[in-house]
Amino acid sequence: MVEELSQTQKLRHNKLQRRLRREMGSAIEDYNMIEDGDVVMVCLSGGKDSYTMLDILQNLQQRAPISFKLVAVNLDQKQPGFPEEILPNYLKSTGVTYHILEKDTYSIVKDKIPEGKTTCSLCSRLRRGTLYGFAQKIGATKIALGHHRDDIVETMFLNMFFAGKMKAMPPKLLSDDGANVVIRPMAYSREQDIAEYAELKQFPIIPCNLCGSQENLKRKQVKEMLVDWDKQFPGRIETIFTAMQNTAPSQMVDREQFDFVSLKQDPNAKFEGQVAEADLPAFDFLDIENSGNINLDRKREQGIDVVQVFQP
């Protein structure tokens, strides 16, 4: 409990809470995640991320200029050793409306996935399908998931390396059938801050390795790669996330996202002696102080001497 923390820990707790609240508020506003009258179904797994999401959402709920309802939901997937009493006991202490669902997806996964193979993909699909259906039953207008900024960046690299797609987790998503809107209120928050906040709050964390399939995950490999990058170049993950918010389809190679086929030279265009940064290789413009266009020296251009001409 916060009351049991030292003065230094309390100061750190308050600083982290303000930061997480500010980041969540910005993400909600930027993507219009929560609107007046919304019923937000907050999905809880028992991990640090979902605990923190619920805590900060409740904090924001008290300060927000709009009115919205929070409903916490946990799905007990009948994994062996899952401590069924932990989440109900915690949720009672928060005063939030909550539901504990039970569905034995664990047996389905173990039956369908060969021993030693990663079970997370099928497990996640079954869990998500159950939660989506329950959201309809309780009239939820938004489904909140606890993914953070690091999850989003990791997912992009996972898709790049192993699926050949430039794709991540959007902060806001409409389900394929159009029936549910998924939001990720912690899209702007760092995992490091969430982990520290969860420790200070002493959330009753339920381990995520009950199924025993976590050690060989490709996500773990990508996470280690990004952590190593961030140690060598502090701020690298922030820069990557910022890049994901500043995509330029015309500078990629996806023919579905940009009409390259129709691009043609304008015969009436007059050359103005300007070269846009986008036209230059990365190593040419990374050190340029002023962004925008680079003006060529007109005098030097006019002084070019043509010394050889060959016409067959």
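Our structure is the block above this text.
Here the structure is a predicted model, which means the values were calculated and not measured. (Residues numbered from 1 in each chain as written. Predicted model: local features only at pLDDT ≥ 70, side-chain atom pairs only at ≥ 80, totals over all residues. Heavy atoms only, no water.)

Colleague: Would you mind going over a nonpolar patch on the surface with me for this structure?
Modeller: Side chains of Met160, Phe161, Phe162, Met166 and Met252 sit close together on the surface and give an oily, nonpolar patch of about 490 Å² of accessible area. Among the secondary structure elements, Met252 is positioned in the loop between α9 (236-244) and β7 (274-276). (Patch = residues over 30% accessible without salt bridge, like charges linked within 9 Å, V, L, I, M, F, W, Y side chains within 5 Å. Areas by Shrake-Rupley, 256 points an atom, 1.4 Å probe, with all protein chains shown as cover. Salt bridge = Lys/Arg side-chain N within 4 Å of Asp/Glu carboxyl O. Helix = DSSP H or I, 4+ residues; strand = E, 2+ residues; numbered from the N terminus.)

Colleague: What exactly am I supposed to notice about the pattern of salt bridges here?
Modeller: Oppositely charged side chains are able to pair whenever their charged atoms sit close together. Going through the model one piece at a time under the given rule, you end up with 13 salt bridges. Ionic pairing is found between Glu154 and Lys223, a salt bridge with its closest N-O pair at 2.8 Å. Of this pair, Glu154 sits in helix α6 (residues 149-162) while Lys223 sits in helix α8 (residues 218-232), and the two are 69 residues apart along the sequence. Exposure remark for Glu154: the relative accessible area of 2% places this residue in the buried category. Among the ionic pairs, Arg190 bridges to Asp193, the shortest N-O distance being 2.9 Å. The network of salt bridges with common partners includes Lys48, Asp49, Glu154, Glu191, Arg219 and Lys223. (Buried < 20%, exposed > 50% of the residue type's maximum accessible area, 1.4 Å probe, protein only.)

Colleague: In this structure, what is going on with the packing of α8 against α9? I would like to understand it.
Modeller: Each pair of packed helices can be described by the angle between their axes along with the distance between the axes. α9 packs onto α8 with a crossing angle of 110° between their chain directions and a minimal axis gap of 8 Å. Comparing their axes, α9 and α8 come out roughly perpendicular. Between α8, through Leu226, Trp229 and Asp230, and α9, the contact on the second element is made entirely by Arg236, Ile237 and Ile240. Here the residues of the contact of α8 with α9 are counted per class, giving four nonpolar, no polar and two charged. (Axes fitted to C-alpha atoms, helices over the stretch in contact; angles between N-to-C directions. Parallel < 35°, antiparallel > 145°, perpendicular 65-115°, else oblique. Contact = heavy atoms within 4.5 Å. Nonpolar A, V, L, I, M, F, W, Y, C, P; charged D, E, K, R; others polar.)

Colleague: Explain the nonpolar core to me, please; I cannot follow it from the model alone.
Modeller: Across soluble globular proteins, you tend to see nonpolar side chains buried next to one another. With 48 residues, the main nonpolar core has Met24, Ile34, Val40, Val42 and Leu57 as its most contacted residues. When sequence neighbours within four positions are dropped, the list of residues in contact with Val42 reads Met53, Leu54, Leu57, Leu70, Val71, Ala72, Val73 and Ala144. The next biggest cluster of nonpolar side chains, apart from the first, holds 15 residues, and it includes Met41, Leu75, Tyr132 and Leu145. (Core = buried A, V, L, I, M, F, W, Y, C linked by side-chain atoms within 4.5 Å.)

Colleague: Honestly, the packing of aromatic side chains in this entry has me stumped. Any pointers?
Modeller: Any pair of aromatic rings gets described here by the distance separating the centres and the angle formed by the planes. All chains considered together, the criterion is met by 10 aromatic pairs. Centroid distance Tyr31 to Tyr188: 6.3 Å. Interplanar angle 65°. Geometry classified as edge-to-face. You can see Tyr31 sitting in the loop between α1 (7-30) and β1 (39-44) and its partner Tyr188 sitting in the loop between β6 (181-183) and α7 (191-201), a full 157 residues away along the chain. The exposure class assigned to Tyr188 is buried, which follows from its relative accessible area of 17%. Feature note: the residues Tyr51, Tyr90, Tyr197 and Phe203 constitute an aromatic cluster, connected by ring pairs. Across from the ring centre of Phe162, 5.4 Å away, lies the NZ or CZ of Lys218, which sits over that ring. Over the face of the ring belonging to Trp229 we find Arg236, whose NZ or CZ atom lies 5.5 Å from the ring centre. (Phe/Tyr/Trp six-rings, centres within 6.5 Å; stacked < 30°, edge-to-face > 60°. Lys NZ or Arg CZ within 6 Å of the ring centre and 35° of its normal.)

Take it as geometry only, folks, not as evidence of what the structure does.
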